[in-house]
Amino acid sequence: MISVHELTKRFPSGRNEVLAVDHLSFSVAAGEVYGLLGPNGAGKTTTLRMILGLLEPTSGFAEVDGLRSSQFPDEVKRRIGLVSASAGLYQWLSAREVLLFFADLYGTQPDQAEREMARLSELLDLGEYLDRRCATLSTGQQQRVQLARALIHNPPVMLLDEPTRGLDVFGSHVIFEYIGHLRDQGKAVIVSTHRLHEAQELCDRFGLLHRGRLAMEGNLEELREATGRQTLVEMFMNSVGNLFSISTAKDRPA
Amino acid sequence: MNASRERESAPLEFPQRPAKGELVGRMGRLALKELRETLRDRRTIMTLLLMPVLVYPLISILFQKLLITNLRPGDQVIYRIGVESEDDREAVRRLIMLGNKLIKGRDASSDKPDNDKTVLGPGQHRSIAPKPPTVEISLRDHLRTSVAEGNDHLGILVRQPERSGAELRLPVPVDCQLILQEHSGISREAAAFVERRFRAVNEQLLERRLRQLGEQGRVTVIRTTRDTVEPARGTSSFELAAVIPLMLILMTITGAVYPAIDLTAGERERGTLEALIAAPIPRLGLLLAKYVAVLAVALLTAAVNLFAMTITVLSSGLGALLFGESGLSLTVVMQVFGLLILFAAFFSALLLTLTSFARSFKEAQSYLIPLMLISLAPGLLGVVPGLQLTGILAVTPLANIVLLSRDLFEGNTDPVMAGVVIISTLVYALAAILLAARVFGSDAILYGSASSWSDFFRRPTEQHPAPSLWAAWWCLAMMFPAHYLLSSTLAQMMYLTPVSRLQQTSLVAILLFGEFPLAAAVLARLKLRECFQLNRPPMIAWPAALLLGLSLWPFAYEIVLLMYQWNLLALNTEFSKLAEGMLKALQDVPLVWKLVSLVFIPAAVEEFCFRGYLLSALRARMHAWKAILLSGLLFGVFHLIVTDALALERLLPSTLLGVVLAVVCVRSGSIFPGMLLHACHNSVLVLAIEYREKLATLGWGTEDQTHLPASWLLGAVVCAVAGFSLIALTRQHRIQRT
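Residues numbered from 1 in each chain as written. Chains lettered and ligands numbered in written order. Predicted model: local features only at pLDDT ≥ 70, side-chain atom pairs only at ≥ 80, totals over all residues. Heavy atoms only, no water.

Engineer: I would appreciate a short explanation of the overall build of chain A in the present structure.
Structural biologist: For chain A, the helix and strand inventory stands at 9 helices and 10 strands. Within chain A, the proportion of its 254 residues that are buried is 58%. Summarising the internal contacts of chain A: among those between residues at least 6 apart in sequence, 67% fall at separations of at least 24. Element-wise, carbon and sulfur atoms account for 48% of the exposed surface of chain A, whose accessible area totals about 10600 Å². (Helix = DSSP H or I, 4+ residues; strand = E, 2+ residues; numbered from the N terminus. Buried < 20%, exposed > 50% of the residue type's maximum accessible area, 1.4 Å probe, protein only. Contact = heavy atoms within 4.5 Å. Areas by Shrake-Rupley, 256 points an atom, 1.4 Å probe, with all protein chains shown as cover.)

What follows is the structure, given as structure tokens:
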């Protein structure tokens, strides 16, 4: 459902350039949850934005359902629901107005949007604050509305960028539980997160990004075999430590 | 994995690709949502409603205090009137006294207030000027100078019949010429004061005469005419009528600022922009929806302000003082609102462009404060006394709207200048929208990947075949004011000989239509050959161009003639005079110079610009026929303004010629046949004028404005059909759409 080929992105920075994503390749099938893991600045968000067609890749390409994001951005966007930690909600609109507005933006018919909203509000327990202004909702409630907003047009692909940032344990649990539900629905899901313990429980496969490059990829068994470590946290620390020492050695003048 | 494959094969229901109309509807609903969200914010309501409701009454009180009480201490308005002789002084004094008495008696009997008091308004009248105005009549040697220098508010030049002395022998009419400063409120008011009293005297006499039935004779005693003088240098007063439009414009700006920031930088700061651009709506569509919302709020603010201003002016009676005797009419209010729409369209786009750069509300504010200060300068320039809407001011954004609104309020609008203001503002507005679209849609702006603005405007590294639409429009936005300014400046250079004037005209044409697009193309690293369509045309295009070039002028002539005959065009005396003057001046110029300056150079550079640069930009973004029509229209608009006259009769023929030239360019893939066509067309006109006397002796004149002989028209039709048929045989040259 999602495939990424040699995806590269360089940003101009004064007279120089910063390499944010470096020849990245991976794929995610329908009904699969892919964990895109990595430290801050590893290129996770940039990768997700290029998949969605929000950023033009410097080279390489991303495809969703066989459509290249840079060539058919609107077609690709219609197939994707995006939940981002940095995303906000319209403070002067109610949760219901936000959901119906986004349903309309994605071309969902009004009756279908109402049905979908009823279903999502039951699943995510939005009922009691559906008609409250978004400014008055708590962080957890806002994040649930965000999830509902991303799902209101029933997309086959979900991109979740740090969906649990700023949430308490209960809030995170609701989100992760729902991600499992998305897999059961047959959606292709990419989750970018720092919560490695939960990611370990939830994701089918993992890609570990460091400085824009895919340092490791595979399911948990494959990664355990390759690294000799048991948990993602150990693998992550080990891998990032190794890569860090390699890159610093490389950078050191001879 | 099998399970997931099975799930993959099951179709997921998600919205299908929308039809074009549905997409437009969705963008409309998006604009409505933006507007709804903006209007729910109390800060918008504050700017929108509360400010005008409070500001205008406060300003009206301030005006009255400044204008009325400061005129003379002691709470009394005194009109200073100048006359030329002692006899005149006595006559004027007696007439005003009689008029005063008549008005007083009439108002007392009808229980109506004195209309003069409405200058102050019923509420304020008692508190500000409890006594009615009085007059001070002085003897002057030079009435016009005295009024121009502000020594007198009004001069009255009395022309009495010889037989009458100080005593007026009615009913022999007395002519009174009122000399006033048109732009001075107190001067206009003094004139209205005197006129009303003279009218009362006339009316009394009419009444008396009508009672004497059967008696013949004239009933008018005093005939008044007005004569205006410009204020003497250094003595002019502050122009109040220009303050009102400046305020309206500043309030409109204020209304648009908050939504512009909130819908761009504000959305980015709150994190809602990413969700919005992740939706399947083109970025241009998103920007247009935001633009519509900002424009709607700006217009709402403008409408509320205009309404509040009108109500304040009407209720306070400041109308006559600010806008002359006729006060404020609904037509003028609507015209000014039209101008505000135009201005808001331009400024909203400018605001969106700047705020799109900002990553936070605070950053956007820091961009807009300098803009507001910069905007104040041309706005205040518009308030400078005696400043006329001409030259560079007519194409200076904001100042031109302030001055045109002032002229509208004062009822002395020049249609040519109005045309220049409207066209230039429209061009600027479109340029600003296109720039905003470019800024809003860039990755650099959305994700702050550019380190500075210079990165954003960096020259592209790759060569492109055609200019972008925004670059082409910006080139036009620079060219239009430059075109107007250079043509007007050239017209002012009276000392130029006809030949050197022609040479300068040629240089201006080369600079405008050659250098501007060439510089734009080089800066944008365009492939010059493709951009300017400098290709070798098919051979068949040459005879086609020749036939069309020789056969189009009768159609242009007949179109203009028919427009006059069907009253679609009023006889443009100004343009006719200008054309006659030009013809006279060019009479002794050698033919070769005329051909170089009026035929070959315009044909070459205009094709280079309009069919080369502009048409390429349009064709890269739209269907060929749309590009042909639009480029033709723009070609027509550029021919609309000839130095100081608005040549409306040129719009349709020039547009049609532009369309034909564009068709030839699209079919042949080259601007060169168009150059031949253009040169032939122009040379027929130049030669017809050169040999018009000889032609007239042969009976081939067209000066009596009659239709051309049928045989000529038939010949032209045959040639044109042949030309079009030949050009239709060529294969359409395609441009890669972007």
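Read on, since the account is not over.
Engineer: What is the right way to read the sheet that holds strand β3 (residues 33–37) of chain A from this model?
Structural biologist: Hydrogen bonds between backbone groups are what pair the strands of a sheet, and the pairing can be parallel or antiparallel. Residues and elements named next belong to chain A. The strand order across the open sheet built from 6 strands is β6-β7-β8-β3-β9-β10, with neighbouring strands paired in mixed fashion. Two strands bound the open sheet, and with one partner strand each, they are β6 (80–84) and β10 (213–218). When the angles between neighbouring strand axes are averaged without regard to direction, this sheet yields 15°. Sheet analysis places β3 next to strand β9 (residues 205–210), joined by 4 bridges and oriented parallel. Directly across from G35, in β9, lies its bridge partner F206. Here helix α1 (residues 44–52) sits on the sheet in contact with β3, β6, β7 (157–161), β8 (188–192) and β9, set at roughly 155° to β7. Across the face of the sheet, helix α5 (residues 139–151) comes into contact with β6 and β7 while running at roughly 165° to β6. (Pairing = 2+ DSSP bridges. Axes fitted to C-alpha atoms, helices over the stretch in contact; angles between N-to-C directions.)

Engineer: What am I meant to see in the environment of Q142(A) here?
Structural biologist: Residue and element names in this part refer to chain A. Within the secondary structure, Q142 is located in helix α5. In this structure the C-alpha to C-alpha distance between Q142 and A87, which are 55 residues apart in sequence, comes to 10.0 Å. Residues in contact with Q142, not counting those within four places in the same chain, are L89, C134 and L137. In terms of polar contacts, Q142 uses its side chain to reach the backbone carbonyl oxygen of L137, at 3.3 Å. (Polar contact = N/O pair within 3.5 Å; in protein donor to acceptor, adjacent residues only side chain to side chain.)

Engineer: Looking at this model, I keep getting lost on helix α27 (residues 648–668) of chain B. Mind explaining?
Structural biologist: Each full turn of the α-helix corresponds to 3.6 residues, which orients residues three or four apart in the same direction. With 21 residues, α27(B) extends 31 Å from end C-alpha to end C-alpha; this agrees with the ideal 30 Å at 1.5 Å per step. One or two steps after α27(B), the chain reaches G669(B), where phi turns positive at roughly 70°. (Expected span 1.5 Å × (residues − 1).)

Engineer: What should I look at first to understand the side chain of S631(B) in this one?
Structural biologist: All names here are of chain B. With respect to the helices and strands, the residue S631 is situated in helix α26 (residues 624–638). A distance of 3.1 Å separates a polar atom in the side chain of S631 from the backbone oxygen of I628. Setting aside residues no more than four positions away along its own chain, S631 makes contact with L614, L615, L618 and A662.

Engineer: What am I meant to see in the pairing of strand β3 (residues 154–159) of chain B here?
Structural biologist: On any regular strand, side chains alternate: one points to one face of the sheet, the next to the other face. Residue and element names in this part refer to chain B. For β3, the tally of buried residues reaches 5 of 6 residues, placing the bulk of the element in the interior. Note that strand β1 (residues 78–83) and β3 share 2 bridges and pair parallel. Bridging across to β3, I81 finds its partner in L154. Where β3 and strand β4 (residues 174–181) come together, 6 bridges link them in antiparallel fashion. Within β4, the position partnered with L154 by the bridge is L180.

Engineer: Teacher, can you tell me more about unusual backbone geometry here?
Structural biologist: For residues that are not glycine, phi is negative in most cases, and the peptide bond is trans in most cases. All names here are of chain A. For E6, which is not glycine, the phi dihedral falls at a positive 50°. Within the secondary structure layout, E6 lies in strand β1 (residues 2–13). When its relative accessible area of 42% is taken as the criterion, E6 is described as partly exposed.

Engineer: Is there a simple way to think about the packing of aromatic side chains in this case?
Structural biologist: For any pair of aromatic rings, the description rests on two quantities: the centre-to-centre distance and the angle between the ring planes. Residue and element names in this part refer to chain B. Enumeration according to the criterion identifies 18 aromatic pairs over all chains in this entry. Relative to F361, the ring of Y258 lies with its centre 6.0 Å away and its plane at 45°, an arrangement referred to as tilted. One end of the pair, Y258, is in helix α8 (residues 240–270); the other, F361, is in helix α13 (residues 361–381), and 103 residues separate them in sequence. In terms of burial, Y258 and F361 fall into one category: buried. (Phe/Tyr/Trp six-rings, centres within 6.5 Å; stacked < 30°, edge-to-face > 60°.)

Engineer: Just to check I follow, could you spell out the pattern of salt bridges for this structure?
Structural biologist: Side chains that differ in charge, positive against negative, can pair when their charged atoms come close. Residues and elements named next belong to chain B. Inspection of every chain in the model, using the stated rule, returns 22 salt bridges over all chains. Here R89 and E86 are joined by a salt bridge, their closest N and O atoms 3.1 Å apart. In this pair, R89 and E86 both sit in helix α4 (residues 86–110), 3 residues apart, roughly one turn of the helix. On the accessibility criterion, E86 (45% relative accessible area) is partly exposed. Between D152 and R140 there is a salt bridge; the shortest N-O distance is 2.6 Å. With D152 in the loop between α6 (143–148) and β3 and R140 in the loop between β2 (134–139) and α6, this residue pair connects regions lying 12 residues apart in the sequence. (Salt bridge = Lys/Arg side-chain N within 4 Å of Asp/Glu carboxyl O.)

Engineer: Is there a simple way to explain the packing of helix α12 (residues 330–357) of chain B against helix α15 (residues 399–410) of chain B in this structure?
Structural biologist: The packing of two helices is summarised by the inter-axis angle and the distance between the axes. Residue and element names in this part refer to chain B. For the pair α12 and α15, interaxial distance at closest approach is 9 Å and the crossing angle is 170°. One finds that α12 runs roughly antiparallel with respect to α15. On the side of α12, the interface is formed by V332, Q335, V336, L339 and F343, while α15 contributes I401, L404, S405, L408 and F409. Looking at the contact of α12 with α15 residue by residue, the class counts come to 8 nonpolar, 2 polar and no charged. (Parallel < 35°, antiparallel > 145°, perpendicular 65-115°, else oblique. Nonpolar A, V, L, I, M, F, W, Y, C, P; charged D, E, K, R; others polar.)

Engineer: Can you help me understand a nonpolar patch on the surface in this one?
Structural biologist: On the surface, a cluster of nonpolar side chains totalling about 410 Å² of accessible area is made up of M46(B), L50(B), L54(B) and L58(B). By the element assignment, L58(B) lies in helix α3 (residues 42–69). (Patch = residues over 30% accessible without salt bridge, like charges linked within 9 Å, V, L, I, M, F, W, Y side chains within 5 Å.)

Engineer: Would you take a moment to explain the confidence of the model for chain B for this structure?
Structural biologist: Detail in the predicted coordinates should be disregarded across regions flagged by low pLDDT. Residue and element names in this part refer to chain B. Mean pLDDT over chain B stands at 76; residues scoring 70 or higher make up 75%. Looking at the elements of chain B, mean pLDDT is at its lowest for helix α5 (residues 122–128), recorded as 37, and at its highest for helix α22 (residues 541–551), recorded as 92. Confidence drops under pLDDT 50 across residues 1–12; counting only partners more than four residues distant or on other chains, this segment forms 11 contacts. Contacts from residues 69–75, a stretch scored under 50 in pLDDT, to residues over four places away or in other chains number 12 contacts. Predicted complex, confidence summary: ipTM 0.85, pTM 0.65. (pLDDT = per-residue confidence, 0-100.)

Engineer: Any chance you could explain the environment of L89(A) here in plain terms?
Structural biologist: As for its position among the elements, L89(A) is in the loop between β6 and α3 (95–105). We classify L89(A) as buried; its relative accessible area is 2%. Here the alpha-carbon distance between L89(A) and R133(A), two residues 44 residues apart in the chain, equals 9.7 Å. Once residues lying within four places of it in the same chain are set aside, the contact partners of L89(A) are V98(A), C134(A), Q142(A), V145(A), Q146(A) and T272(B).

Engineer: Help me understand the state of the cysteines in this model?
Structural biologist: When the sulfur atoms of two cysteines share a covalent bond, that bond is a disulfide. All names here are of chain B. For the structure on display, the rule yields 0 disulfides over all chains. Cysteine C475 is unpaired, with the sulfur of C609 as its nearest cysteine sulfur at 6.2 Å. What makes C475 buried here is its relative accessible area of 6%. (Disulfide = S-S within 2.5 Å.)

Engineer: Explanation requested: the packing of α26(B) against α27(B) in the structure shown.
Structural biologist: All names here are of chain B. Closest axis-to-axis distance for the α26/α27 pair is 7 Å, and the angle between their directions is 140°. It follows from the interaxial angle that α26 and α27 lie oblique. Every pair of crossing elements has a handedness; the one defined by α26 and α27 is right-handed. Where α26 approaches α27, its residues I628, L629, S631, G632, L633, F635, G636 and V637 are matched on the opposing element by L651, S654, T655, L657, G658, V659, A662, V663 and V666. Class assignment of the residues belonging to the contact of α26 with α27 gives a composition of 11 nonpolar, 6 polar and no charged. (Left-handed = near helix turned anticlockwise from the far one by under 90°.)

Engineer: How do you make sense of the nonpolar core when you look at a structure like this?
Structural biologist: Grouped together as the largest cluster of nonpolar side chains are 229 residues, with contacts concentrated most on I51(A), L159(A), I190(A) and Y613(B). The dominant element in this core, judged by the number of residues it contributes, is helix α16 (residues 415–440) of chain B, at 18 residues. With near-sequence residues (within four places) excluded, Y613(B) lies in contact with P467(B), A471(B), A472(B), C475(B), P517(B), A520(B), A521(B), L526(B), C531(B), F532(B) and F608(B). Grouped together as the second largest cluster of nonpolar side chains are 21 residues, L95(B), I137(B), I156(B) and V158(B) included. (Core = buried A, V, L, I, M, F, W, Y, C linked by side-chain atoms within 4.5 Å.)

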